[in-house]
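Take a look at the letters that make up each chain.
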Amino acid sequence: MNTAENKSTPGGFVTTRWSLIVSGADSENGDREIREALAELCRIYWRPIFFFIARRGYSPQDAEDLTQDFFVHILRGNWLQRADPARGRFRSLLLKSLQNFLNDAVDRSNSRKRGGGISFISWDAWIAEAPSQLSLASEAGTSWPAGRLFDAAWAATMVRRALRRLCEECETKGRRRFFEVLSPWLSAEREDLSYSTLAAKLRIPESTTKKLMYRMRQRYRVLLREEVCQTLADPAEVDDELRHLCCTLAASSAQESIDKRGNFHHS
């Protein structure tokens, strides 16, 4: 699944996708591993970019076209050579590049077809894969600032990728049912969490359910940390980035709760 797996050197440095890209960005063409790492990072940020563009007032179709064109710009242009990791994390650099890109979008659309005829990802597969994200776009897209929507989509993508990996691990061990029942409760303690109810669903003792929940939460946090780390040049920044992710998710959940009592959210 990962195109650039963590690699530890004798000095303890961990190679992430972004650090791999940064280290090879000065090469003339970039080798295959670097390009694959960049492509994977682009896939991670596909939804945040799409939501940001749509929030800037573009129709869904134009947002799809511009998202496609932006990633062609990143993957095929000289963005690697101009990206300065000292200016921020990949997430911040990408957002700044997107803002600059949109400033010139009108001129580019007049000079050539958006996307250059290159297909980066299947939109049909994208839509089928993430109905919850699309729901967020349709509801929050008219009220949240574009930058906030970008961060919310990024945080949701990180969580989704970690949960998908956890699901795959559970399925390999024959514990898919455990994942399905317990996964909604992994992120944080909730007042409505009932171990007795979960135990009844799983048909196992309550004490065993608590142990499974603890272990699954620990593994989920490890996987989430790994996913976030892959977007950083310096793994030492992962704690700050995780704090930002948690704050973003908390703020998004609080806003959704408020919005559902308002007038612009409709089921």
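Every chain is numbered independently, its residues counted from 1 as its sequence is written. Note on the predicted model: pLDDT of at least 70 is required for a residue's local features to be given, and 80 or more for side-chain atom pairs to be given and counted; whole-chain, interface and lining totals, by contrast, use all residues. Calculation of side-chain values draws on the structure's entire complement of heavy atoms; hydrogens and water are dropped beforehand.

1. Observations concerning the overall build of the chain
- The helix and strand labels rest on DSSP assignments: H or I over at least four residues marks a helix, E over at least two residues marks a strand, and numbering proceeds from the N terminus. Of the regular secondary structure elements, the chain holds 14 helices and two strands.
- Classification of the 267 residues of the chain by burial places 44% in the buried group.
- Of the contacts made within the chain by residues no fewer than 6 positions apart, 69% connect residues no fewer than 24 positions apart.
- As presented, the chain carries roughly 14000 Å² of accessible surface, and 50% of it is formed by carbon and sulfur atoms. Burial status follows relative accessibility: with a 1.4 Å probe on protein chains alone, a residue under 20% of its type maximum counts as buried, one over 50% as exposed, and anything between as partly exposed. By the convention used here, residues are in contact when the closest approach between their heavy atoms is within 4.5 Å. What sets the accessible areas is the Shrake-Rupley method with a 1.4 Å probe; for residues, cover comes only from the shown protein chains.

2. Overview of the confidence of the model for the chain
- Mean pLDDT over the chain stands at 75; residues scoring 70 or higher make up 67%.
- Each residue gets a pLDDT score, which is the predictor's confidence in that residue and runs from 0 to 100. Overall, residues 130-135 carries pLDDT values under 50, and its contacts beyond four positions in sequence, including any with other chains, amount to eight contacts.
- Every residue in residues 260-267 is under pLDDT 50, and counting partners more than four places away or in other chains gives eight contacts.

3. A few points about the packing of aromatic side chains
- In this scheme Phe, Tyr and Trp rings, the latter by its six-membered ring, pair at centre separations within 6.5 Å, and the angle between planes marks the pair as stacked below 30 degrees, edge-to-face above 60, and tilted otherwise. This structure, assessed with the given rule, holds six aromatic pairs.
- Where Y45 meets F150, the ring centres are 6.3 Å apart and the plane angle is 20 degrees; that geometry is what we call stacked. Of the two residues, Y45 sits in the loop between α2 (32-44) and α3 (46-55) while F150 sits in helix α10 (residues 146-172), which places them 105 residues apart along the sequence. Per residue, the accessibility class of Y45 equals that of F150, and both read buried.
- For the pair W46 and F71, a centre-to-centre distance of 5.1 Å together with 15 degrees between the ring planes defines the contact as stacked. A residue pair is termed long-range when its members are at least 10 positions apart, and W46 in helix α3 and F71 in helix α4 (residues 60-76) qualify at 25 residues.
- Overall, the relative accessible area of 0% leaves W46 in the buried class.
- Members of the aromatic cluster, connected to one another through ring pairs, are W46, F70, F71 and F101.
- Two conditions define a charge sitting above a ring: the NZ of Lys or the CZ of Arg must be within 6 Å of the ring centre, and it must be within 35 degrees of the ring normal. One residue, R91, lies across the ring of W154, its end atom 4.7 Å from the ring centre.
- Sitting over the ring of W144, R148 keeps its end group 4.8 Å from the ring centre.

4. Comments concerning the environment of M213
- With respect to the helices, strands and loops of the structure, M213 is situated in helix α13 (residues 206-229).
- Apart from residues lying up to four places away in sequence, M213 is in contact with L182, W185, L186, L193, Y195 and L198.

5. Things to note about the packing of α2 against α4
- For helices, the axis comes from a line fit to the C-alpha atoms of the stretch in contact; other axes are also lines fit to C-alpha atoms, and the angle between any two N-to-C directions lies between 0 and 180 degrees. The N-to-C vectors of α2 and α4 enclose an angle of 160 degrees; their axes lie 10 Å apart at closest approach. Classed by the angle they form, the pair α2 and α4 counts as roughly antiparallel. In this structure, the crossing between α2 and α4 has a hand that is right-handed. On the side of α2, the interface is formed by R35, L38, A39 and C42, while α4 contributes F71, I74 and L75.
- Per-class residue counts for the contact of α2 with α4 are six nonpolar, no polar and one charged. With respect to orientation, any angle under 35 degrees is reported as roughly parallel, any angle over 145 as roughly antiparallel, any angle of 65 to 115 as roughly perpendicular, and every other angle as oblique. The crossing is said to be left-handed when, going from far helix to near helix, the turn is anticlockwise and less than a right angle, and right-handed when the turn is clockwise. Basically, the charged four are Asp, Glu, Lys and Arg, the nonpolar ten are Ala, Val, Leu, Ile, Met, Phe, Trp, Tyr, Cys and Pro, and anything else, Gly included, counts as polar.

6. Here we look at the nonpolar core
- In plain words, nonpolar cores are sets of buried Ala, Val, Leu, Ile, Met, Phe, Trp, Tyr and Cys residues tied together by side-chain atoms within 4.5 Å. With 68 residues, the main nonpolar core has Y45, I49 and L98 as its most contacted residues.
- In terms of residues, this core owes the most to one element, α10, which gives 13 residues.
- Not counting residues within four places of it along the chain, the set of residues in contact with I49 comprises T67, F70, F71, L94, L98 and F150.

7. Things to note about the packing of α3 against helix α6 (residues 90-103)
- The contact between α3 and α6 brings their axes to 11 Å, and the two run at 40 degrees. Considered as vectors, α3 and α6 are oriented oblique to each other. Of the two elements, α3 crosses α6, and the hand of that crossing is right-handed. Touching I49, F52 and I53 of α3 are L94, L95, L98, Q99 and L102, all from α6.

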